[in-house]
Amino acid sequence: MNASHTRFSGLQKLLHWLMAALILTMLFVGVGMVFTVSRAHDTLVALHRPLGIALLLLVIVRIAVRMRRGAPPLPASVPAPQRAVALASHYVLYALMLAMPLVGWGMLSAGGYPVTMAGSFHLPAILPADVRLFALLRTLHTWLGLTLFGVVLLHLAAALMHALVLRDGVFGTMAPGKR
């Protein structure tokens, strides 16, 4: 892992911002699915499932790129406890980004529902049909989604703190368009 560079690579930035937009979309689509009984529900479900699988594939690519490329070092002005929190929060984000689509896929499999990608193309079940497992995974998917939303908000707050208050260059390492 190479961490001698001062900015994230273009690919890392693209994956970060693309996934940020998709994750926020998925969180709002998920809430909309749960709270609507209108015809929009089927549309939201049809959007949520393939986007979840796309996010799963993107996070796998993102993890591979991060392992190969690393991350720029934090400035020396960042205290050790804050460095530890930053590292832990990134591990939590990656774990949640990986777990959410896998739990969702497992939940649908346990419920006997197909994961439709496009038209008649369905992904195979990854768990056997089991109504109790479906209920457990549905609850887990909800709680993981709420946790992801909270962690994303904390991540955004930290990014804004670095950009607007500390102005220490941390935000610039991931800011789009800067070389």
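Provided above is the structure to which this section pertains.
Predicted model only: the values in this text are computed from it and were never measured. (Residues numbered from 1 in each chain as written. Predicted model: local features only at pLDDT ≥ 70, side-chain atom pairs only at ≥ 80, totals over all residues. Heavy atoms only, no water.)

1. Quick word on the nonpolar core
With 30 residues, the main nonpolar core has M19, I23 and L148 as its most contacted residues. Among the elements of the structure, α1 (10-35), α2 (40-69), α3 (80-111) and α4 (131-166) are those that each provide at least two residues to this core. The element best represented in this core is α3, accounting for 10 residues. Not counting the four nearest positions on each side in its chain, L148 is found in contact with I23, L27, L93, L96 and M100. (Core = buried A, V, L, I, M, F, W, Y, C linked by side-chain atoms within 4.5 Å. Buried < 20%, exposed > 50% of the residue type's maximum accessible area, 1.4 Å probe, protein only. Helix = DSSP H or I, 4+ residues; strand = E, 2+ residues; numbered from the N terminus. Contact = heavy atoms within 4.5 Å.)

2. Description of the packing of aromatic side chains
Per the stated rule, a full pass over the model turns up 2 aromatic pairs. On the basis of an interplanar angle of 80° and a centroid distance of 6.4 Å, the ring pair of F28 and F149 is categorised as edge-to-face. Separated by 121 residues along the polypeptide, F28 in helix α1 and F149 in helix α4 bring together distant segments of the chain. Here F28 falls in the exposed class, since its relative accessible area comes to 56%. On the numbers, 5.8 Å between centres and 55° between planes, the contact of Y113 with F134 is tilted. Here Y113 is found in the loop between α3 and β1 (115-118), whereas its partner F134 is found in helix α4, with 21 residues between them in sequence. Note on F134: relative accessible area 18%, which makes it buried. (Phe/Tyr/Trp six-rings, centres within 6.5 Å; stacked < 30°, edge-to-face > 60°.)

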